[in-house]
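Here are the chains, one letter per residue:
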Amino acid sequence: IQCRRLPFSASATNNEQAAAKAAAVNADSGAPTIFDKIINKEIPSSIVYEDEKVLAFRDISPQAPVHVLVIPKFRDGLTELGKADARHGEILGQLLYAAKIVAEKEGIADGFRVVINSGASACQSVYHLHLHVLGGRQMNWPPG
Ligand code: TR5
């Protein structure tokens, strides 16, 4: 079940909703993810930007005209942002800067959104830290 496709029920309690979401998505097991295969070029992806430490490629299920994922090539325990440690400060900064480079390359530097879903309650589905770079349309607020 795709977490984002779960219907919102006004009658369910917050706990029920949180439990439903948590059950609907993968847990953070620390196991390798599909992104390892993308990094190793075992599965094709549409790469937008790449350097020694960072890879950016188009999301397979775009939620906006531009939807690019920015990931560290070496996960180093960063299954989710909630697991970040002081040692991750440098790569976190590099990922955020790469998001800006992607926005420039994609022609959306004047207005774009960067999203990180951390954990099941945020509907994270792939446990390899990734930034979503979204734009090319009016991005609404508040997010769902
Ligand atoms: O839900 P979170 O925040 O964890 O975001 C995971 C994102 O990975 C989603 O937006 C998915 O659409 C995206 N995704 C999942 C797969 C995939 C992908 N983007 C590009 N290529 C992909 N492949 C080949 N396989 C996936 N399972």
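Computed from a predicted model, the values in this text were never measured in an experiment.

Now for the environment of proline 32. Mapped onto the elements of the fold, proline 32 is located in the loop between α1 (14-24) and α2 (34-39). C-beta crowding within 10 Å serves as the criterion here: with 11 such atoms nearby, proline 32 is assigned to the exposed category.

Here we take up the UniProt feature "domain: HIT" (unreviewed entry) in the protein. Look at the UniProt record and you will see "domain: HIT" (unreviewed entry) annotated at residues 34-144. When the span residues 34-144 is considered, its composition is 21% helix and 23% strand, and the gap between its end C-alpha atoms is 26 Å.

It is a general feature of regular strands that their side chains alternate between the two faces of the sheet. The element strand β5 (residues 131-135) is extensively covered by neighbouring structure, given that 4 of its 5 residues are classed as buried. Summarising the sheet, strand β3 (residues 66-72) and β5 pair through 5 bridges and their orientation is antiparallel. Opposite histidine 67, over in β5, you have leucine 134 as the bridge partner. Where strand β4 (residues 112-115) lies against β5, 4 bridges are found, and the strand directions are antiparallel. Looking across to β5, one finds that phenylalanine 112 is bridged to glycine 135.

Glancing now at helix α3 (residues 89-105). Spanning 17 residues, α3 covers 25 Å between terminal C-alpha atoms, matching the ideal 24 Å at 1.5 Å per step. Where α3 is buried, its residues contact β1 (47-50), β2 (54-58), β3, β4 and β5. The first or second residue beyond α3 is glycine 107, which carries a positive phi of 75°.

Moving on to the sheet that holds β3. Hydrogen bonding along the main chain pairs the strands of a sheet, whether they run parallel or antiparallel. Overall, antiparallel pairing links the 5 strands, which are arranged β1-β2-β3-β5-β4 in an open sheet. This sheet does not close on itself; its edge strands, each paired only once, are β1 and β4. The average angle at which neighbouring strand axes cross in this sheet is 20°, direction not considered. Its contacts with the sheet place α3 against β1, β2, β3, β4 and β5, and it is angled at close to 155° to β3.

Rules and cut-offs
Residues numbered from 1 in each chain as written. Predicted model: local features only at pLDDT ≥ 70, side-chain atom pairs only at ≥ 80, totals over all residues. Helix = DSSP H or I, 4+ residues; strand = E, 2+ residues; numbered from the N terminus. Buried ≥ 20, exposed ≤ 12 C-beta atoms within 10 Å, placed from the backbone. UniProt positions renumbered as here; feature names shortened; annotations may be inferred. Pairing = 2+ DSSP bridges. Expected span 1.5 Å × (residues − 1). Contact = placed C-beta atoms within 7 Å. Axes fitted to C-alpha atoms, helices over the stretch in contact; angles between N-to-C directions.

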